[in-house]
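Coordinate analysis (summary)
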Amino acid sequence: MHPFVQAVQTHFEQHRNPEKAEPMARYMKNQYLFLGIQTPERKVLLKECLQQYGTPGFAELPQVVRELWDLPEREYPIVALDLLEKHHKQLDSSFLPLLEYIITTKSWWDTVDYIAARLVGLIFAKESACIAAYIPKWMNSGNMWLQRTAILFQLKYKESTDTALLFSLIEQLSGSKEFFIQKAIGWALREYAKTDADAVWQFVQSHDLAPLSKREAIKHIKAQYVGHTGQ
């Protein structure tokens, strides 16, 4: 085990709180164990580890992330994401296999959504050729979390959004019965509506989307269009 991972585990274990761990696990549908360390405390504890042991070097990051990811309690994968965020300016396409691994391992919305919008989206913005290499593979994988990542990676792109790509991916998955896919479609459209409400409204009106997706997509723009069209 990497010394930094060992130090984090030792330090965090000293702050285990079973009373908080139980409701935290319930909130996550009891899919994972928890130490009972909530976000503000987690950040303080990680800061203490970084001050005492130093930030792991960029070359060490993949090993540290994987080892944190493999620990049973959910706080450790979140610490791994915190460390990736600290190196976000250095992240490049060499990290995409690692990100693919952590998207598909211990998958749930709390990690996947962060990875999609803040890590994968960042790398794809810097190296757009990677989009053609990864997005079709993820869409064809049958893995709901890779597909959700494909829909959400442009979440922060605003005017830089490849609208044709976004709409194409949504069309491909519009028939999905998966809650997390339907929700992602609605979320992506709702976010892009802040940039181009007309495009989103027209897309929603002209495509057969799940009720959940449609409701989420037009949540903040429905009133202006219903008022103007009399629908």
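Here the structure is shown first, and the text comes after it.
Rules of the game
- Residues numbered from 1 in each chain as written.
- Predicted model: local features only at pLDDT ≥ 70, side-chain atom pairs only at ≥ 80, totals over all residues.
- Heavy atoms only, no water.
- Salt bridge = Lys/Arg side-chain N within 4 Å of Asp/Glu carboxyl O.
- Helix = DSSP H or I, 4+ residues; strand = E, 2+ residues; numbered from the N terminus.
- Buried < 20%, exposed > 50% of the residue type's maximum accessible area, 1.4 Å probe, protein only.
- Core = buried A, V, L, I, M, F, W, Y, C linked by side-chain atoms within 4.5 Å.
- Contact = heavy atoms within 4.5 Å.
- Axes fitted to C-alpha atoms, helices over the stretch in contact; angles between N-to-C directions.
- Parallel < 35°, antiparallel > 145°, perpendicular 65-115°, else oblique.
- Left-handed = near helix turned anticlockwise from the far one by under 90°.
- Nonpolar A, V, L, I, M, F, W, Y, C, P; charged D, E, K, R; others polar.
- Polar contact = N/O pair within 3.5 Å; in protein donor to acceptor, adjacent residues only side chain to side chain.
- Phe/Tyr/Trp six-rings, centres within 6.5 Å; stacked < 30°, edge-to-face > 60°.
- Lys NZ or Arg CZ within 6 Å of the ring centre and 35° of its normal.

**Let's talk about the pattern of salt bridges**
Scanning the entire structure with this criterion turns up twelve salt bridges. Among the ionic pairs, Glu-100 bridges to Lys-137, the shortest N-O distance being 3.1 Å. Of this pair, Glu-100 sits in helix H6 (residues 96-103) while Lys-137 sits in helix H8 (residues 129-139), placing them 37 residues apart in sequence. What makes Lys-137 partly exposed here is its relative accessible area of 41%.

**Thoughts on the nonpolar core**
In terms of nonpolar packing, the biggest core is built from 85 residues, with Phe-12, Leu-68, Leu-84, Phe-124 and Leu-189 touching the most fellow members. Among the elements that line this core, the one with the most residues is helix H7 (residues 109-126), at nine residues. Residue contacts for Leu-189: discarding those within four places in its chain leaves Phe-167, Ile-170, Val-200, Phe-203, Val-204, Leu-209 and Ala-217.

**Side note on helix H10 (residues 163-173)**
Within H10 the residues assigned to the buried category are Thr-163, Leu-165, Leu-166, Phe-167, Leu-169, Ile-170 and Leu-173. Packing partners of the buried residues in H10 comprise H8, helix H9 (144-152), helix H11 (179-193) and helix H12 (197-206).

**Things to note about the packing of H6 against H7**
At a closest axis distance of 11 Å, the pairing of H6 and H7 adopts a crossing angle of 165°. The angle between the axes of H6 and H7 places the two elements in the roughly antiparallel class. For the crossing formed where H6 meets H7, the hand is left-handed. The segment H6 lies against H7, with Leu-96, Leu-99, Ile-102 and Ile-103 engaging Val-112, Ile-115, Leu-119, Val-120, Ile-123 and Phe-124. Grouping the amino acids of the contact of H6 with H7 by side-chain chemistry returns ten nonpolar, no polar and no charged.

**Side note on the packing of H11 against H12**
Relative to each other, H11 and H12 sit at 145°, their axes nearing to 7 Å. Judged by residue contacts, Leu-189, Tyr-192 and Ala-193 of H11 engage Ala-197, Ala-199, Val-200, Phe-203 and Val-204 from H12. Residue classes in the contact of H11 with H12 are distributed as eight nonpolar, no polar and no charged.

**Considering the side chain of Asp-82**
With respect to the element layout, Asp-82 can be found in helix H5 (residues 75-86). We classify Asp-82 as buried; its relative accessible area is 15%. Within the structure, Asp-82 has its side chain in polar contact with the side chain of Arg-42 (distance 3.0 Å). Residues in contact with Asp-82, not counting those within four places in the same chain, are Arg-42 and Leu-46.

**Observations regarding the packing of aromatic side chains**
Going through the model one piece at a time under the given rule, you end up with 13 aromatic pairs. Centre to centre, the rings of Phe-12 and Tyr-76 are 5.9 Å apart; their planes meet at 40°, and the pair counts as tilted. Of this pair, Phe-12 sits in helix H1 (residues 3-13) while Tyr-76 sits in helix H5, and the two are 64 residues apart along the sequence. With centroids separated by 5.2 Å and ring planes inclined at 80°, the aromatic side chains of Phe-179 and Phe-180 adopt a geometry described as edge-to-face. Look at Phe-179 and you get partly exposed, because its relative accessible area is 44%. Each residue in the set Phe-124, Tyr-134, Trp-138, Phe-153 and Tyr-157 is aromatic and connected to the rest through ring pairs, giving one cluster. Taking the ring centre of Tyr-32 as reference, the NZ or CZ of Arg-74 above it sits at 3.9 Å.

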